[in-house]
Amino acid sequence: MLGTDFRTGSPNWIDLGSPDQDAAAAFYGSVFEWQYVSAGPDAGGYGFFQRGGRTVGALGRLSEEGARPAWTTYFHSDDIQATARDVVAGGGTVRVEPAHMGEASFAQFTDPQGAEFAVLQPGTGGLETTSEDDTLVWVELHVGDPDAAIRFYDGLFGWRSQEMQAPGMTYRVLSIRDGDQQDGAFGGVAPLRSDQEEARWIPYFAVADADATVAAVRENGGAVLMPATDVPEVGRIAWLADPSQAMFAVLKPNPRRG
């Protein structure tokens, strides 16, 4: 599962682009007990989701024309300019050119199959806690051609992958390029379920009780896209959407990990 010792290709940040920041802060505060903390008057409305005083994500206004509400996953880059060049060389596109944000640099991209993602080259920090209840625990890419996706991202980050059989499909578990492959696992790649589904990255948040979280999402105006379901050797998962239709998922790992 995820940690906070970020290395090349590690998920190190997530943020939500929302048309109504107040409503988003209220929804996630009710579902996950997150507190929203503004980054200040010069941040253009950007701010941080925190749990117990530690940053677990961020929230900002939709800034791109035609953009839809969504969570964006950021991956650690040691050289953001080189990553941007590699994205283009691999057939992806640059949506937001590399730019500075405080001591950090970031850029946003779209992969060749249409899934949007971003990279962060931090001066310091990143997510302050992961893999605990109500924090990021896993990221998952849904694409039409998983093998092609793995080749693209391997060209950027050197990720390793391992196939496993899941109900009705072959699932690819992703690991960062360094260290033990199992210990470095952070996410997976799944095939699209239908021609209507869009390629995307989906963040999973760890929860103590997936069914209770599903109920809280319903009670606070969100939608249940896939009800809580047991996945052998993984845990209990559900796919959800907030009131603005930004998609996310929850996971009660089995067995529980720290």
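Up top is the structure.
Each chain has its residues counted from 1, following the order in which its sequence is written. Per-residue local features are limited, in this predicted model, to residues with pLDDT of at least 70; the limit for side-chain atom pairs, both in listing and counting, is 80 or more; totals at the level of whole chains, interfaces and linings are taken over all residues. To obtain the side-chain values, all non-hydrogen atoms of the structure were used and water was disregarded.

## A look at the overall build of the protein chain
So, point 1. Counting from the N terminus, the helices are the DSSP runs of H or I reaching at least four residues and the strands are the DSSP runs of E reaching at least two. For the protein chain, the helix and strand inventory stands at four helices and 16 strands.
So, point 2. As a reference, a globule follows 2.2 Å times the number of residues to the power 0.38, and the radius of gyration itself is taken over C-alpha atoms. Expected size for 258 residues packed as a compact globule is a radius of gyration near 18 Å; at 17 Å, the protein chain falls within 12% of this value.
So, point 3. If you line up the protein chain on its principal axes, its C-alpha atoms span 50 × 45 × 35 Å.
So, point 4. The contact rule is simple, with two residues in contact once any of their heavy atoms fall within 4.5 Å. Taking contacts inside the protein chain between residues at least 6 apart in sequence as the whole, the part at least 24 apart equals 58%.
So, point 5. Carbon together with sulfur atoms contributes 46% to the accessible area of the protein chain, which is approximately 11,800 Å² in total. Surface exposure here means Shrake-Rupley accessible area, sampled with a 1.4 Å probe, where a residue is shielded only by the protein chains that are shown.

## Let's talk about the sheet that holds strand E2 (residues 35-38)
Hydrogen bonding along the main chain pairs the strands of a sheet, whether they run parallel or antiparallel.
So, point 1. Ordered in space as E2-E3-E4-E1-E5-E8-E7-E6, the eight strands form an open sheet in which the pairing is mixed. Two strands lie at the open edges of the sheet, namely E2 and strand E6 (93-101), each paired on one side alone. For this sheet, the mean angle separating the axes of adjacent strands, direction not counted, is 30°.
So, point 2. Bridge analysis of E2 against strand E3 (residues 47-51) gives four bridges, and the strand direction is antiparallel. Among the inter-strand pairings, glutamine 35 is bridged to a residue of E3, identified as glutamine 50.
So, point 3. Of the strands in this sheet, strand E5 (70-76) and strand E8 (116-121) are in contact with helix H3 (residues 146-157), which crosses E8 at around 10°. The pairing criterion for strands is at least two bridges between them, as found by DSSP. Angles run from 0 to 180 degrees between N-to-C directions of axes, and those axes are lines fitted to C-alpha atoms, restricted for helices to the stretch in contact.

## Quick word on the pattern of salt bridges
So, point 1. What makes a salt bridge here is a side-chain nitrogen of Lys or Arg within 4 Å of a carboxyl oxygen of Asp or Glu, nothing more. The final tally for this structure, using the stated rule, is 10 salt bridges.
So, point 2. Ionic pairing is found between aspartate 134 and arginine 51, a salt bridge with its closest N-O pair at 3.2 Å. Within this pair, whereas aspartate 134 is found in the loop between E8 and strand E9 (136-143), its partner arginine 51 is found in strand E3, the two being separated by 83 residues in sequence.
So, point 3. Residue burial is assigned from relative accessible area. The probe radius is 1.4 Å, only protein chains are included, and a residue is buried under 20% of its type maximum, exposed over 50%, and partly exposed in between. Take aspartate 134: its relative accessible area is 11%, and that puts it in the buried class.
So, point 4. Among the residues examined, arginine 51 registers a relative accessible area of 29% and is labelled partly exposed.
So, point 5. A salt bridge links aspartate 230 to arginine 236; the nearest nitrogen and oxygen atoms lie 3.1 Å apart.
So, point 6. Salt bridges sharing partners connect three or more residues here, namely Asp147, Glu163 and Arg172.

## What to know about helix H4 (residues 210-219)
Three- or four-residue spacings in an α-helix give side chains the same orientation, since the helix completes a turn every 3.6 residues.
So, point 1. Turning to H4, its buried residues number three or more, namely Ala210, Thr213, Val214, Ala216 and Val217. Axial view of H4: buried residues confined to an arc of 160°, hence all on one face. Exposed residues on H4 whose side chains face more than 90 degrees from its buried face are Arg218 and Glu219.
So, point 2. Two N or O atoms count as a polar contact when they lie within 3.5 Å, although within protein this holds only if one can serve as hydrogen donor and the other as acceptor, and sequence-adjacent residues are included solely when both atoms are side-chain atoms. Between a side-chain oxygen at the N-terminus of H4 and the backbone nitrogen of aspartate 211 the separation is 3.0 Å; the capping residue is aspartate 209.
So, point 3. Glycine 221 sits one or two positions beyond H4 and adopts a positive phi of about 90°. Note that the arc is defined by the directions from the helix axis to the C-beta atoms.

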